[in-house]
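The lines below spell out each chain.
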Amino acid sequence: MSSLRWSTFSAPSRFYALVNVLNPWLWGLAIALTLAGLYMGFFVAPVDATQGNSYRIIFIHVPAAWLSMVLYLAMAFWAAIGWMLNARMASMLARAIAPTGAVFTFLALWTGSFWGKPTWGTWWVWDARLTSELILLFLYLGYIALVSSIDDAVRGDKAGAVLALVGAVNVPIIYFSVVWWNTLHQGATISMTAAPKMAQTMLMAMLLMTLAFWAYAFAVVFTRAQALAVEREGHADWVRMVARKELQ
Amino acid sequence: MTWGSPAEFFSMGGYGLYVWGAYAVCLAAMLIEPWLARRQRLEALVAASRTEKDSL
Amino acid sequence: MSAAFVAVYTRDIRLALRRRVEALLPVVFFVVAVSLFPVGVGPEPQTLRVIAAGVVWVCALLASMLSVANLYALDHSDGSLEQMLLSGHPPTVIAAAKAAAHWTTTGAPLVLAAPVIGLLLDMSPAALATLVAALLLGTPVLSLLGGVGAALTLGLRSAGVLLILLILPLTIPALIFGSGAVGAVDSGISASGHFSLLGALLIFTALIAPLATAVALRIALE
C-alpha cells in the first residue's frame, strides 16, 4: 500500500481488509490481558477486610461501566464524523458500537446487582452510579430503536447522529441530576462508590481488565462494522470478491 | 493470595454464587456477542453472493 | 424572525382550537392516569401525599409525550410542514414556535389541572403551590424536548412509542428537580436550589432544543 492516510480506511472495502488484519491481534490481546488481569485479581490481590471475596466482582464491574460510558462517547463521535464529513464507514462504525455499548451497560448493571446483593442485601440499589447506568442503557436502546426504525440508511445515520449528540450533551446533566436526587433521598451511606480501599494489586488487575475489555470491544465492533459494510454495499465488486473468498 | 484448595477457590469465602454468577454471565455475553457478529457478517456475505447469482 | 414565530404559533393555536376535544385529550389522560394510582396503591392519604409529586410529574410527562407526536405529524401528512421549511424563515424559529404552541395547548392546561389533582392526592397547600410552580418551569422543557423527538421520528411507523422511548430519559433531570422541589418543601427546607436548577434547565433546553429540532426536521425531509 502506498502512502497510508487515515482517510484510506474510510472506504468500506479497505476498512474490511484492515479489520481482517487487526482482529486476530485484538483477540490475542484481549485474551492475554484477561488472563493476566484475572490472575492478578484472583491469585495476587488480597481478600478485602470488609467485603471478603465478594469484592472481586469489581474486576469486571468497573471495566464494564467504564467501557459503557466510553463507547457511548465513541458512538456519538463517529456518528458526528460520519454526518459532517459524509463518511459512510464512520456512520456504520457508530451503528456497530451501539449493541456492544448496550451489552457492557447491561453487564455493569448485572455485575453491580450481584455485587450489591451480598454487600447491601438487595438485588438492586437505587444509587447514583447504577441509576445512571440504567438510564445509559435506555439511551443506547433508544439509539438502536431509532436507527432500526428508519429504512433509509442515510437518514438513519444522520438522525442517529443527532440523537447520539443530544444524548451525549445530556449525559452530564442527567448524571448530575441523579447524584442530586440520590444524596437527597439516601445520603452518602449506600453507594457503589464505597468501594474497598484499593490495594495496588487490585488497581492493577482492574486496569488490565479494562484494557482487555477495550481490546474485546474493538474486535467485536469491527466485526459488526464489517457485517454492516457488506450489508450496505451488497452489489459492489469488493463485496463479491470477499464473499467468493470467505464462503468457499 | 493463596487459596487452600480448589473448593476454597470456588466458594469464594461463601460468596461463590455472587462472584461466579457475575463472571459467568459476563463470559457468556462475551462469547455470544462475537458469535452473533460473525454470523451477521456471514449472512450478509451469503445474501450478497446470492443476489449476484440471481443477476447472472 | 418574530413575525414567523407569531405566524406559526397563532396558526397552531387556531388549529388546536378547531379540534378542541382532541386538544384536551392529554389533560383527560393526565387526570385518568393520576387517578389510577390511589386505586392501585391504596387510598391512605399519608401514602398518597408521599407519592403525589412524583405521580403528578410522571403522568404530566407521559401526557405531554403522547400529544407531541402530532406536533409535526399532521403538518407533515398534508405537506404544510415542507412549505413552512421552504418559506425561507429560520427553521429554528419555526421549531421554537411549535414548541411554544404545544406548551400552550398541552403544558399550560396540565399546570392548570394540577391543583385539582393535588387535592385528589391530599397534598398540602404549600406542596401544591410548589408543584404548580415547578410544573410551570418544567412543562416547557417537556414540550421543547418533545419537539426534538417528534422531528427525529417524523413519518416512522411506530413514531409514537419510539418518541417516548427516545425522549423520556432526557426528561429525567426535569422530573428529579421538579418533584424534588415539592419534596423539599414537604420536609420544610427551601426549594430554591431546585427552582434555580429548573430555570437553568429551561434556559439550556430553550437554546439547544429548537436547533436540534430544526436539524432533525431537515434530515427527516431530505
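In what follows, the structure referred to is the one given above.
Keep in mind it's a predicted model, so treat the numbers as computed, not measured.

The rules we used
Residues numbered from 1 in each chain as written. Chains lettered and ligands numbered in written order. Predicted model: local features only at pLDDT ≥ 70, side-chain atom pairs only at ≥ 80, totals over all residues. Helix = DSSP H or I, 4+ residues; strand = E, 2+ residues; numbered from the N terminus. Rg over C-alpha atoms; globule rule 2.2 N^0.38 Å. Buried ≥ 20, exposed ≤ 12 C-beta atoms within 10 Å, placed from the backbone. Contact = placed C-beta atoms within 7 Å. Nonpolar A, V, L, I, M, F, W, Y, C, P; charged D, E, K, R; others polar. Core = buried A, V, L, I, M, F, W, Y, C linked by C-beta atoms within 7 Å. Expected span 1.5 Å × (residues − 1).

Chemist: Help me out: how do you make sense of the overall build of chain B in this one?
Modeler: Scanning chain B from terminus to terminus reveals two helices and zero strands. Relative to the 2.2 N^0.38 estimate, which gives 10 Å for 56 residues, the radius of gyration of chain B is 22 Å and therefore markedly larger than a compact globule would have. With the C-alpha coordinates of chain B rotated into their principal frame, the extents come out at 70 × 15 × 15 Å. Residues counted as buried form 23% of the 56 residues belonging to chain B.

Chemist: Would you explain the overall build of chain A in this entry?
Modeler: For chain A, the helix and strand inventory stands at seven helices and zero strands. Considering only C-alpha atoms, chain A reaches an extent of 60 × 40 × 30 Å along its principal axes. In chain A, which comprises 248 residues, the share counted as buried stands at 50%. Counting only contacts in chain A whose residues sit at least 6 apart along the sequence, the fraction spanning at least 24 positions is 80%.

Chemist: It is not clear to me how the interface of chain A and chain C should be interpreted in this structure. Could you clarify?
Modeler: Interface size is often expressed as the accessible area that is lost when the parts come together. The interface of chain A with chain C comprises 22 residues on the first partner and 21 residues on the second. At the level of elements, α4 (128-149) and α5 (153-186) of chain A are the ones that each hand at least two residues to the side of chain A that touches chain C. Top contributing element to the side of chain A that touches chain C by residue count: α5(A), with 13 residues. For the side of chain A that touches chain C, the residue count by class is 16 nonpolar, four polar and two charged.

Chemist: Explanation requested: the interface of chain A and chain B in the structure shown.
Modeler: Residue-level contacts link 37 residues of chain A with 27 residues of chain B. Elements that contribute at least two residues to the side of chain A that touches chain B include exactly α1 (12-44), α3 (88-120), α6 (200-232) and α7 (237-246) of chain A. It is α3(A) that provides the largest number of residues to the side of chain A that touches chain B, a total of nine residues. Class assignment of the residues belonging to the side of chain A that touches chain B gives a composition of 22 nonpolar, nine polar and six charged.

Chemist: Sorry, what's going on with the arrangement of the chains here?
Modeler: If you rank the two pairs of chains in contact by how many contacts each has, first place goes to chains A and B. Separating chain B from chain C is a minimum C-alpha gap of 24 Å, and the two share no contact.

Chemist: Explain the nonpolar core here, please?
Modeler: It is characteristic of soluble globular proteins that their nonpolar side chains tend to be buried jointly. Within the largest apolar cluster, 173 residues are counted, with the highest numbers of intra-cluster contacts made by Met75(A), Val162(A), Val56(C), Leu131(C) and Ala216(C). At 19 residues, the largest contribution of residues to this core is made by α6(A). Residues in contact with Val56(C), not counting those within four places in the same chain, are Val34(C), Ala114(C), Ile117(C), Gly118(C) and Leu131(C).

Chemist: Teacher, can you tell me more about helix α9 (residues 172-186) of chain C here?
Modeler: Residues and elements named next belong to chain C. Here α9 contains 15 residues, and its C-alpha end-to-end distance of 21 Å stays within 8% of the 21 Å for a straight helix at 1.5 Å per residue. The buried fraction of α9 is high, at 13 of 15 residues. The positive-phi residue at the C-terminal boundary of α9 is Gly-188, with phi of around 90°.

Chemist: Looking at this model, I keep getting lost on the environment of Pro172(A). Mind explaining?
Modeler: Structurally, Pro172(A) can be placed in helix α5. Residues Pro172(A) and Ala227(A) lie 55 residues apart in sequence; the distance between their C-alpha atoms is 33 Å.

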